[in-house]
Amino acid sequence: MGDFNLALVIVAVVVSVVVLLVSLYLLINYQHPDDANQAYFPKLVVVLGLTVAILSILMLPADVANRQACKRAVYNGACHLTLPMKTLWIVVYIVDAVLVFLVIPFAMFYYEGDQDKSVGKRLKTALIWVFASAVVCGLILGILYAIVGKVDFTVRHLSSSVQQFPNSFSGLSSGQPCFSQSPKVCAASTAPANSLTTWTMRASFPEYVVALATIVGSVLFTIFGGVGIACLPLGLIFSFVRRPKAVITRSQYIKEATELGKKAKELKKAAEALHQEERSGNKGRKWRKNVKAVEKELLLLEDDVKALEEMYPQGEKAEATWAFTVLGYIGKLIFGVVGLIISIAWVAHIVIYLLIDPPLSSFLNEVFIKLDGVWGLLGTAAFAFFCFYLLLAVIAGEMMLGLKLVFITIHPMKWGGTLMNSFLFNVGLILLCSISVIQFCATAFAYYAQATAAQEIFGHTLQSLRGIKYLYKYNVFQYGFVALAILTLIYYALFGWRKRKPTGRFQISN
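The structure presented is a predicted model; accordingly, all values stated were derived computationally and were not measured.

Undergrad: Looking at this structure, how should I read empty space enclosed by the protein?
TA: To find leftover empty space, a probe the size of one water molecule is rolled over the atoms. Within this structure, the stated rule accounts for two cavities of 30 Å³ or more. By volume, the largest cavity amounts to about 60 Å³. For the lining of the largest cavity, the secondary structure elements donating two or more residues are helix H5 (205–241), helix H11 (420–444) and helix H14 (476–496). When residues of the lining of the largest cavity are assigned to their parent elements, the largest contribution, four residues, is made by H11. Of the residues that constitute the lining of the largest cavity, the class distribution is four nonpolar, five polar and no charged.

Here's what the structure looks like:
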């Protein structure tokens, strides 16, 4: 057992270092050239946020592995666990909440501040906004914790009179489970209905903070994740369906490029007009709506430019470029099909294991257990992958709804072209939803992750909090998740195969 403990500690340290390096790699390769050699504080926040988000997802598999250190113990207290997982969960999610509600908003306010102002004024403005947000959040948390920060556990009160220890147990049976012939209140199966009672205790403040952050994240996760679980694989598949079938002629390229240039001039003129309004202090609702509209038009224009470049590769290696383009779309099809299988498995598991009572099958729980039987970490790796897939679905859902709905600000993540405000927004979204993803996975895979610290926090305390427990009792988030996934599937079945209509005077044609 000691060797297992040492191996788990070594793996935890190595994985933490690898995650940090991966976060740095993502930052370096996704950042926009305009942010090179500047915006160091937002970059530090991005790396820290990505590291915490990824580690929080990996902590649930680690929690499962941590329980394996005591799998031969007669009871939990008979073995000293390798890692103090409950303490680690609380620390990670307190850090998560601080990053989401304080640090990331400060970094965004500072980064998006008026560049004509001095550093001191930008810092002052950002601090005022964050301080105001912290005061409001603190008051809300304090009031809610004081009023309803309690946990109501439903328990069954069992009691029995003291009896002399018998010399023989032959008299005990399923019909007579107690030593005495008195009313059988010592057995839960035969206890009367009035033995059920409520045991109330106050939750710890850190657990309550995690619980409220989970509720906020669960709302976003249900919306974005429900849409993304369908649009992530289907978007890749229909991207292959709408792919350019052949290289266009030079005359077609010139015609399309000219139209794109006209649209670019229109957007530049609109952006300059909005910038002028900003300088004059006219930043009302209409101005913000127009800014979002221009941002979306610009994103769509960039997509059209990329599509045009794909249809007319230039240079000495034009043929090789076209070959890689074709292979890229084939890769999207393959990943789309694999993703579709995973999405179907997720939705089926939610319906079979969570929405139907009693569950028809433990489904993916059994799959992970059998994979662990093949190789020790295979089931754990598959388990972590399914959790990460939900985070990818959240980002895909946010991108899709950002393009379709005006009131949602779009923050695209592009290789070598992501500004720090978009980076910070998406990291904040990932952090906020990561709490809900862990809670969702701990519930969906309760059989596989049983007797873990995550089960204690998310499976018992969270689902028994006063005023919150009904959201989980009636599976509100699960029903919403599945409903949005089905609606998105219907949308793609009806409109996904169509090419996007141009939002200006230009049109990309094959």
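Additional details are given in the paragraphs that follow.
Undergrad: Explanation requested: helix H6 (residues 250–279) in the structure shown.
TA: End to end, H6 covers 43 Å across 30 residues, agreeing with the expected 44 Å (1.5 Å per residue, within 8%). Regarding H6, the residues found buried are Tyr-253, Glu-256, Leu-260, Lys-263, Leu-267 and Leu-274. Of the surrounding elements, those touching the buried residues of H6 are helix H7 (285–311).

Undergrad: Please explain the pattern of salt bridges as it appears in this structure.
TA: Should the charged atoms of two oppositely charged side chains come close, the side chains can pair. Counted under the stated rule, the structure contains three salt bridges. Across the pair Glu-259 and Lys-262 runs a salt bridge, and its minimum N-O distance is 3.8 Å. Here Glu-259 and its partner Lys-262 are both found in helix H6, three residues apart, which amounts to about one turn of the helix. The class of Lys-262 is partly exposed, set by a relative accessible area of 36%. Here Lys-263 ties to Glu-266 by a salt bridge, and the two come within 3.9 Å at their closest N and O atoms.

Undergrad: Can you walk me through the packing of aromatic side chains in this structure?
TA: Two descriptors summarise a pair of aromatic rings, namely the distance from one centre to the other and the angle between the planes of the rings. Evaluated as defined, the whole model comprises 16 aromatic pairs. Taking the centre distance of 6.5 Å and the plane angle of 40° together, the rings of Phe-385 and Tyr-389 count as tilted. Here Phe-385 pairs with Tyr-389, and both are found in helix H10 (residues 378–404), just four residues apart, close to one helical turn. A relative accessible area of 6% means that Tyr-389 is categorised as buried. The structure contains a cluster of three or more aromatic residues connected by ring pairs, namely Phe-221, Trp-346, Phe-368, Phe-383, Phe-385, Phe-386, Tyr-389, Phe-440, Phe-445 and Phe-481. Positioned above the aromatic ring of Tyr-145 is the side chain of Arg-202, whose terminal nitrogen or guanidinium carbon lies 5.2 Å from the ring centre. Lying over the aromatic face of Phe-240, Arg-243 brings its terminal NZ or CZ to 4.1 Å of the ring centre.

Undergrad: What exactly am I supposed to notice about the environment of Val-15 here?
TA: One can find Val-15 in helix H1 (residues 2–30). Among the residues examined, Val-15 registers a relative accessible area of 30% and is labelled partly exposed.

Undergrad: I tried to follow the packing of helix H3 (residues 85–111) against H5 on my own but got confused; where do I start?
TA: Helix-helix packing is characterised by the crossing angle of the two axes and by the distance between the axes. Packing of H3 against H5 brings their axes to within 10 Å, and their N-to-C directions diverge by 55°. Looking at the two axes, H3 sits oblique to H5. For the element pair H3 and H5, the recorded crossing hand is left-handed. Within the contact between the two elements, H3 uses Lys-86, Ile-90, Tyr-93, Ile-94, Ala-97 and Phe-101 and H5 uses Pro-206, Glu-207, Val-209, Val-210 and Ala-213. Partitioning the contact of H3 with H5 into residue classes produces nine nonpolar, no polar and two charged.

Undergrad: Before we go on, may I ask you to explain H11 in this structure?
TA: An α-helical segment advances 3.6 residues per turn. Residues three or four places apart therefore align on the same side. For H11, built from 25 residues, the straight-helix expectation of 36 Å at 1.5 Å per residue is met to within 8% by its first-to-last C-alpha distance of 34 Å. The largest bend in H11 amounts to roughly 30° and is located at Cys-433. For H11, a buried count of 24 out of 25 residues is recorded, marking the element as mostly surrounded by other parts of the structure.

Undergrad: Where do I start with the nonpolar core in this structure?
TA: Where a protein is soluble and globular, its nonpolar side chains tend to be buried together. Counting residues in each nonpolar core, the largest one holds 78 residues, and the members touching the most others are Trp-89, Trp-346, Phe-383, Leu-390, Cys-441 and Phe-445. The biggest single contributor to this core is H11, with 15 residues.

Undergrad: It is not clear to me how unusual backbone geometry should be interpreted in this structure. Could you clarify?
TA: Peptide bonds are mostly trans, and most non-glycine residues show a negative phi. Within the chain, Phe-363 stands out as a residue other than glycine whose phi angle is a positive 45°. Following the sequence through the fold, Phe-363 ends up in the loop between helix H8 (318–355) and helix H9 (364–374). Its relative accessible area of 30% is what places Phe-363 among the partly exposed residues. In this model, Asn-475 sits at a positive phi of 55°, which is unusual for a non-glycine residue. Note that Asn-475 resides in the loop between helix H13 (469–473) and H14.

Undergrad: I keep staring at a nonpolar patch on the surface and nothing clicks. Help me out?
TA: A cluster of nonpolar side chains, Val-9, Val-13, Val-17, Leu-20, Leu-21, Leu-24 and Ile-28, forms an exposed patch at the surface whose accessible area comes to about 590 Å². Mapped onto the elements of the fold, Leu-20 is located in helix H1. Taking the relative accessible area as the measure of exposure, Leu-20 reaches 39% and is therefore partly exposed.

About the criteria used
- Residues numbered from 1 in each chain as written.
- Predicted model: local features only at pLDDT ≥ 70, side-chain atom pairs only at ≥ 80, totals over all residues.
- Heavy atoms only, no water.
- 1 Å grid on protein atoms, 1.4 Å probe; cavity = no way out; pocket = protein on both sides within 12 Å on 5 of 7 lines; lining within 4 Å.
- Points joined across faces, edges and corners; volume = space filled by probe spheres on them.
- Helix = DSSP H or I, 4+ residues; strand = E, 2+ residues; numbered from the N terminus.
- Nonpolar A, V, L, I, M, F, W, Y, C, P; charged D, E, K, R; others polar.
- Expected span 1.5 Å × (residues − 1).
- Buried < 20%, exposed > 50% of the residue type's maximum accessible area, 1.4 Å probe, protein only.
- Contact = heavy atoms within 4.5 Å.
- Salt bridge = Lys/Arg side-chain N within 4 Å of Asp/Glu carboxyl O.
- Phe/Tyr/Trp six-rings, centres within 6.5 Å; stacked < 30°, edge-to-face > 60°.
- Lys NZ or Arg CZ within 6 Å of the ring centre and 35° of its normal.
- Axes fitted to C-alpha atoms, helices over the stretch in contact; angles between N-to-C directions.
- Parallel < 35°, antiparallel > 145°, perpendicular 65-115°, else oblique.
- Left-handed = near helix turned anticlockwise from the far one by under 90°.
- Bend = angle between axes of the 7 residues up to and from the residue.
- Core = buried A, V, L, I, M, F, W, Y, C linked by side-chain atoms within 4.5 Å.
- Patch = residues over 30% accessible without salt bridge, like charges linked within 9 Å, V, L, I, M, F, W, Y side chains within 5 Å.
- Areas by Shrake-Rupley, 256 points an atom, 1.4 Å probe, with all protein chains shown as cover.

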